[in-house]
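# Close look at the chain arrangement
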Amino acid sequence: MKTGLVLEGGALRAIFSSGVCDGLLKGDIMADYVAGVSAGIAYGVSYVSRQPGRNLEVVTRYANDRRYMGMGNLADKKNRSYFGLRFVYDTIPNELVPFDYDTFAAFPGQVEAVVTNLNTGRADYLPVPRRDRRSKVIQASCAMPLLFPIYEIDGQPYLDGGMADAIPWRRALDQGCDRVVVVLTRPRGYVRKPDKPKGLLRRKYRDYPAFLQLVERRAEVYNRERDELLRLEREGKVFVFAPDSTLGVSRTERDVEKLRLLWGAGYQMAADRMEELRDYLSR
């Protein structure tokens, strides 16, 4: 039996997922396959490296640090992102809140990051290198349009994986997972509103028509995939964690207390549903 863990993105709202993952570690539940989108995988690797509390420490220490995020970073021609790329993906994991590369490398399963291929307008699923100390694949998965540069990997241009496959539960099934645990970062009743590519977005990505077409149908695809996922949950075929509320936490939240509360909501939900989860995994 192969268990998959799927982590939706949502930037700092993914601290809810970190709470759930920390609860899974407390319950000694480790998936065989982990797929994440954007912050889902950026935070999810700390689950694979068995470092509970690490993501909470990072966001509570640095959410209000301009080196972490802020318009000054976007204006910096050497950075070109709302987030301080070197600070977030190098200084923090390699110096300030060390990431355990050895434990991550020893994980026997698969770890994949979802990225959006601008040429095709489709999702690609890239293995997360075990000892990349600059986390290029993870950066590409997190690269929100207009707020990050385009990342080129193996000759292909990539941005945020959430544009093409925000909740990669189908990928987990395709990879042979018999049991799939999905962590959402929006409540079950959430419905995404249609996106219309505005002038700046159209100008910025005018060389990628397939990507612009993807943006136009993104909400439709997202809502359909969510509906199908929740139908499978009702049938007992997947197990879904979703916050009852996001507590007003935004993608670029700076209120540390709100971040703590949302993490705590995820952690408590994992604890409260642990027996239910064990039953699902053991069927």
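As a reminder, the structure under discussion sits directly above these lines.
Conventions and cut-offs
Residues numbered from 1 in each chain as written. Predicted model: local features only at pLDDT ≥ 70, side-chain atom pairs only at ≥ 80, totals over all residues. Heavy atoms only, no water. Salt bridge = Lys/Arg side-chain N within 4 Å of Asp/Glu carboxyl O. Axes fitted to C-alpha atoms, helices over the stretch in contact; angles between N-to-C directions. Helix = DSSP H or I, 4+ residues; strand = E, 2+ residues; numbered from the N terminus. Parallel < 35°, antiparallel > 145°, perpendicular 65-115°, else oblique. Contact = heavy atoms within 4.5 Å. Nonpolar A, V, L, I, M, F, W, Y, C, P; charged D, E, K, R; others polar. Buried < 20%, exposed > 50% of the residue type's maximum accessible area, 1.4 Å probe, protein only. Phe/Tyr/Trp six-rings, centres within 6.5 Å; stacked < 30°, edge-to-face > 60°. Pairing = 2+ DSSP bridges. Polar contact = N/O pair within 3.5 Å; in protein donor to acceptor, adjacent residues only side chain to side chain. Core = buried A, V, L, I, M, F, W, Y, C linked by side-chain atoms within 4.5 Å.

### Looking at the pattern of salt bridges
Summed over all chains, the structure comprises 17 salt bridges. Bridged by salt links that share partners, the residues Glu228, Arg231, Glu235 and Lys237 form one connected network.

### Concerning the packing of helix H1 (residues 15-26) against helix H2 (residues 39-48)
Where H1 meets H2, the axes come as close as 10 Å, and the angle between the chain directions of the two elements is 10°. By the angle between their axes, H1 is roughly parallel relative to H2. When H1 is examined against H2, the residues Ile15, Ser18, Cys21, Leu24 and Leu25 are found in contact with a partner set consisting of Tyr43, Ser46 and Tyr47. Per-class residue counts for the contact of H1 with H2 are six nonpolar, two polar and no charged.

### Topic: the environment of Gln268
Structurally, Gln268 can be placed in helix H11 (residues 256-272). According to the relative accessible area criterion, Gln268 is partly exposed, its value standing at 42%. In sequence terms Gln268 and Glu152 are 116 residues apart; their C-alpha atoms lie 39 Å from each other.

### Here we look at the packing of aromatic side chains
In the structure shown here, the tally under the stated rule is eleven aromatic pairs. Arranged with centres 5.4 Å apart and planes meeting at 85°, the rings of Tyr62 and Phe87 form a pair that is edge-to-face. Of the two residues, Tyr62 is situated in helix H3 (residues 54-62) and Phe87 in helix H5 (residues 85-96); the sequence distance between them amounts to 25 residues. The class of Tyr62 is buried, set by a relative accessible area of 6%. Residue Phe87 is classed as buried on the basis of its relative accessible area, which comes to 8%.

### Let's talk about the pairing of strand S6 (residues 156-160)
Within S6, four of the five residues are buried, which leaves the element mostly enclosed by the surrounding structure. Sheet analysis places strand S3 (residues 110-117) next to S6, joined by three bridges and oriented antiparallel. Residue Thr116 lies in a different strand from S6, and its bridge partner there is Leu159. With three bridges connecting them, strand S5 (residues 151-153) and S6 associate as antiparallel partners. Paired with Ile153 across the two strands is Gln156, which belongs to S6. Following S5, the chain reverses through two residues before pairing antiparallel with S6; Asp154 in that reversal takes a positive phi of roughly 50°.

### Observations concerning the side chain of Asn55
Tracing the chain through its elements places Asn55 in helix H3. According to the relative accessible area criterion, Asn55 is buried, its value standing at 7%. Within polar-contact distance, the side chain of Asn55 engages the side chain of Ser18 at 3.1 Å. Among the polar contacts made by the side chain of Asn55, one reaches the side chain of Ser46 at a distance of 3.2 Å. If sequence neighbours within four positions are ignored, Asn55 has contacts with Ile15, Ser18, Tyr43 and Ser46.

### A few points about the nonpolar core
Ranked by internal contacts, the top residues of the largest apolar core, which has 78 residues, are Leu5 and Tyr68. At seven residues, H2 tops the list of elements feeding residues into this core. By size, the runner-up hydrophobic cluster in this structure holds 17 residues, among which are Tyr33, Ala166, Ala172 and Val238.

### What about the side chain of Ser46?
Residue placement: Ser46 occurs in helix H2. Given the relative accessible area of 1%, Ser46 is considered buried. Beyond its immediate sequence surroundings of up to four residues, Ser46 is in contact with Leu25, Gln51, Arg54, Asn55 and Phe99.

### What about the pairing of strand S2 (residues 33-37)?
A large share of S2 lies buried, amounting to five of its five residues. A two-sided burial pattern is seen for S2, the buried positions comprising Tyr33, Ala35 and Val37 on one face and Val34 and Gly36 on the other. Examined bridge by bridge, strand S1 (residues 3-7) and S2 share four bridges and lie parallel to one another. Along S2, the bridge assignment pairs Val6 with Ala35. As judged from the five bridges shared by S2 and S3, these two strands associate in the parallel manner. Paired with Gly36 across the bridge in S3 is Ala113.

Nothing here speaks to function; it is all geometry.
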